[in-house]
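Fold and contact review
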Amino acid sequence: MSSLGSLPLPVSPDNDPLRDPALYINRELSQLDFNFRVLAQAMDPQVPLLERLRFMCISCTNLDEFFEIRAAAVRHAQEFGLPPAPDGMSPQAILNAIHDRAAELVDQQYRCWNQTLRPALAEAGIGVLGRHSWNHRQKRWLRAYFRNEIMPVLSPLGLDPVHPFPKILNKSLNIVVVLKGTDAFGRAGHLAIVRAPRSLPRIIQLPESLGGGQNFVFLSSVLSAFVDELFPGMEVQGAYQFRVTRNSELVVDEEEVENLALALRDELVDRGYRPAVRLEIAEDTPKDIVRTLLQNFGLTENAVYRIDGPVNLNRIIQLYDLVPQPDLKYPPMNPRTLRDSDGIFEIAARQDLLLHHPFDAFTAVLDLIKQAAVDPNVLAIKQTLYRTGKDSLIVDALIQAARNGKDVTVVVELRARFDEEANLGLADRLQEAGVQVVYGVVGYKTHAKMLLIVRREGRKLRRYVHLGTGNYHSGTARAYTDISLITADADIGNDVHLLFQQLSGLASKMKLKRLLQSPFTLHTGILGRIERETRIAAAGRPARIIAKMNALNEPQVVRALYAASQAGVQIDLIIRGACTLRPGVPGVSDNIRVRSIVGRFLEHSRVYWFGNDGAPELYCASADWLERNLLRRVETCFPILDPDLAKRVYREVLQNYLDDNLNAWDLDAEGIYHKRTPAHDEAPHSAQMALMQGL
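Note that the structure is predicted; figures quoted are calculated from it, not measured.

Moving on to the pairing of strand 3 (residues 174-180). Moving residue by residue along a regular strand, the side chains alternate between the two faces of the sheet. Along strand 3, six of the seven residues are buried, which leaves the element largely enclosed by surrounding structure. Two elements, strand 3 and strand 4 (residues 191-195), share five bridges in a ladder whose sense is antiparallel. Bridging from a neighbouring strand, I175 pairs with V194 of strand 4. With seven bridges joining them, strand 3 and strand 7 (residues 235-246) adopt antiparallel strand pairing. Bridging across to strand 7, K180 finds its partner in E235.

Residues M56, W113, I150, I316 and L319 are the most contacted members of the largest nonpolar core, which totals 76 residues. In terms of residues, this core owes the most to one element, helix 2 (residues 49-80), which gives 13 residues. With sequence-adjacent residues up to four places away left out, M56 is seen in contact with L39, A42, Q109, C112, W113, L117, L313 and I316.

Overall, mixed pairing links the six strands, which are arranged 2-4-3-7-8-9 in an open sheet. The sheet is open, and its two borders are formed by strand 2 (157-158) and strand 9 (304-307), each paired with just one other strand.

Looking at the element boundaries, L299 is found in the loop between helix 7 (287-297) and strand 9. Judged by its relative accessible area of 10%, L299 falls in the buried class. C-alpha separation for the pair L299 and R278, spaced 21 residues apart in sequence, amounts to 7.6 Å. Excluding its chain neighbours within four sequence positions, the residues that come into contact with L299 are A276, V277, R278, L279 and L294.

Another point: unusual backbone geometry. In this structure, P358 follows H357 across a cis peptide bond, with omega equal to 0°. Summarising the element assignment, P358 is placed in the loop between strand 10 (353-357) and helix 10 (363-374). Even without a glycine there, the phi angle at K171 is positive, about 60°. For N612, which is not glycine, the phi dihedral falls at a positive 55°. Take N612: it is sitting in the loop between strand 23 (606-610) and strand 24 (617-621). Given the relative accessible area of 10%, N612 is considered buried.

In the predicted model, the protein chain carries a mean pLDDT of 90, and the fraction of residues at 70 or more is 92%. Note on residues 1-13: pLDDT under 50 across the span, and 24 contacts to partners over four residues away in sequence or across chains. pLDDT under 50 marks residues 252-258. Its contacts with residues more than four places away, or in other chains, come to twelve contacts.

For the rest of this paragraph, the subject is the pattern of salt bridges. Once their charged atoms are close, side chains differing in charge can pair, the charge on each being opposite to the other. Under the definition given, this model contains 32 salt bridges. Here R278 ties to D64 by a salt bridge, and the two come within 2.4 Å at their closest N and O atoms. A residue pair is termed long-range when its members are at least 10 positions apart, and R278 in strand 8 (residues 276-282) and D64 in helix 2 qualify at 214 residues. Taken as a pair, R278 and D64 share a single burial class, namely buried. For R111, the salt bridge identified is with D107, shortest N-O distance 2.9 Å. With R111 and D107 both in helix 3 (residues 91-123), this residue pair falls four residues apart, about one helical turn. When its relative accessible area of 41% is taken as the criterion, D107 is described as partly exposed. Here the salt bridges share partners, and the residues they tie into one network are E346, D375, R455, E457 and R462.

The mixed open sheet is built from three strands, whose spatial order is 1-6-5. Each edge of the open sheet is held by one strand with a lone partner, namely strand 1 (127-128) and strand 5 (203-205). Of the pairings in the sheet, the one linking strand 1 to strand 6 (residues 215-218) comprises two bridges and is parallel in character. Bridge assignment links G127 to a residue of strand 6, and that residue is N215.

This brings us to the environment of L573. Structurally, the position occupied by L573 is in strand 20 (residues 570-575). Relative accessible area serves as the criterion here: at 0%, L573 is assigned to the buried category. As a C-alpha pair, L573 and M549 span 24 residues in sequence and 8.0 Å in three-dimensional space. Excluding its chain neighbours within four sequence positions, the residues that come into contact with L573 are A547, L552, L561, L581, I592, R593, V594, R595 and W625.

So, about the packing of helix 4 (residues 136-150) against helix 5 (residues 219-226). Between helix 4 and helix 5, the least distance of the axes is 10 Å, while the angle of their chain directions is 95°. As judged from the angle between their axes, helix 4 and helix 5 are roughly perpendicular. From helix 4, K139, L142, R143, F146 and I150 reach across to helix 5, where they touch L219, V222, L223 and F226. Partitioning the contact of helix 4 with helix 5 into residue classes produces seven nonpolar, no polar and two charged.

A few words on helix 4. With 15 residues, helix 4 should cover 21 Å at 1.5 Å per step; its first-to-last C-alpha distance of 20 Å lies within 8% of that length. Turning to helix 4, its buried residues number three or more, namely Q138, L142, Y145, F146 and I150. Angular distribution of buried residues about the axis of helix 4 spans 105°; they occupy a single face of the element. The outward face of helix 4, more than 90 degrees from its buried face, is lined by the exposed residues H136, R140 and N148. You can read the cap of helix 4 off the contacts: a side-chain oxygen lies 3.1 Å from the backbone nitrogen of R137, and it is on N135.

All right, on to the packing of helix 14 (residues 522-538) against helix 15 (residues 555-567) then. Packing of helix 14 against helix 15 brings their axes to within 8 Å, and their N-to-C directions diverge by 10°. The angle between helix 14 and helix 15 falls in the class roughly parallel. Contact residues: H523, I526, L527, I530, T534, A537 and A538 in helix 14; Q556, V557, A560, L561, A563, A564 and A567 in helix 15. Tallied by class, the residues present in the contact of helix 14 with helix 15 amount to eleven nonpolar, three polar and no charged.

Conventions adopted
- Residues numbered from 1 in each chain as written.
- Predicted model: local features only at pLDDT ≥ 70, side-chain atom pairs only at ≥ 80, totals over all residues.
- Heavy atoms only, no water.
- Buried < 20%, exposed > 50% of the residue type's maximum accessible area, 1.4 Å probe, protein only.
- Helix = DSSP H or I, 4+ residues; strand = E, 2+ residues; numbered from the N terminus.
- Pairing = 2+ DSSP bridges.
- Core = buried A, V, L, I, M, F, W, Y, C linked by side-chain atoms within 4.5 Å.
- Contact = heavy atoms within 4.5 Å.
- pLDDT = per-residue confidence, 0-100.
- Salt bridge = Lys/Arg side-chain N within 4 Å of Asp/Glu carboxyl O.
- Axes fitted to C-alpha atoms, helices over the stretch in contact; angles between N-to-C directions.
- Parallel < 35°, antiparallel > 145°, perpendicular 65-115°, else oblique.
- Nonpolar A, V, L, I, M, F, W, Y, C, P; charged D, E, K, R; others polar.
- Expected span 1.5 Å × (residues − 1).
- Arc of directions from axis to C-beta.
- Polar contact = N/O pair within 3.5 Å; in protein donor to acceptor, adjacent residues only side chain to side chain.

Laid out in structure tokens, this is it:
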């Protein structure tokens, strides 16, 4: 493996043509477009029906998060006058484009539901009944359900000078009611708000006696149908459901707080009521009502989305678990399991172990931690935790290890988005068991996936390491594609030891032998390797880069890839989500191809391969080629040193995905994705299916 420490990196002057904004796709719009590819899965008749429903709901929840984080960041940029991104679009132009593109996505989501999935479910004997389709017996039962189960927990609020507009919780279901008449105190009715508490089920299953055991009704339909019972003696002239989405990015000035955990707890209390970014409302809502809501939430017209159906469409995902019809789901997959996993230290001492999840079971990683917890020869365990999931067996094993007298140190990232509250609880639980908990580095999220086990073997101490591209989360390990490496390599073990020292002991910058690390060497390491391929191509020799990741937007990396393409380097990028690079631009990126794979499993593995003049290097990483990952996070990038394992990763994760012609979308120079289909002389190939079948 050649050294890159002394390689000169390209320096771009301000007039560099590769900085032309026309060469960059807007990151937010590219991220938004990913959801169209997810929604396409919901429209694919080859996908089992309940899985299609799941894909539609994923596109909805993704859109929620997009507004909570990405759109909110653009509004922040607008408010503070931040400079435009490399694509040159102003924040206002981005917000306008977001509205137009998101409105198109919302329209497709509801057409998918109303015209395709809902009728298909009905045909399969699963009814999701709108209020106008209830028969007399169903309506009578639902009215009784409303009176007995729903009405007692509702607190309708009439709006008047004494009762101003209430606080509306982020993404909660609400009904705005137009009233006529006077109440018991002689107050004239106008508007009222009915908030649906989160304790109420959003999907209600009707009894079998009312027309079959698989009929369901949205809570929003029941509220709208019987809301008049909340206002006796008054006339309900209209009831319109709405939902507001708020900025959910937590803001903690880490330089100014003495206790990050306490500061985060305080922030979490207010997260549900931060500034609004989107208003979803029933499409038949009168304009004056919409204006009232917009004024209350401080929003403009380009934040409104009129909805032809329930505003919380993603809640229909509950049907996936409520309907006991396995024939409407993907057949279960039986992942490969590690042989003799009860002696995992002995196996790892002989050879590196590589796991490709979910096709290889995550149990080998669990077994490694469980065995370390009870092995009398294990002295210390160090681990990073970003997302772990509820009732984590890994956390149980770490607690057991501490109770067994082992030195256990865990770096818990408190700022893992939307897992902050869970991670605060996790940190408390670990500390109560005697685990040393570290909260990472001020200003840098710890996103690295590392596990280090120190074991006494005879007169020596040996380090065993697990490094991965995904989180220590058993649930996502069954749904996301990721790579795990278990190794006893001394150099890698020492590098990981130094990284933990740096995270927990405030050690100074250090030189690693095998690993690349953000925010120090990964960015320059990637740029250096791209530059090396550029020089190889400029010398007239074959040069090649293949990289798989979730997203790409780091401008220096994009410019380096453009320069490499101009020199003749052949570049294939497999990027699931946002990509700001434009492939196929004449004279700039003719030699770059970008594709996105969307299938049964969420593509999550990050793999970088460089041809290196016939001596290829292959790395796996926790990092995408995003500014935040390369410059503002703690990340790890690790080589696959065993030649056979490196060939396996190349075959399974790179070449296999480049051969996919069923689940692949190719990006063109205009920023548009095109679904790939097999040519007349091509056999159909799905990368994920090939991996399930053993490749």
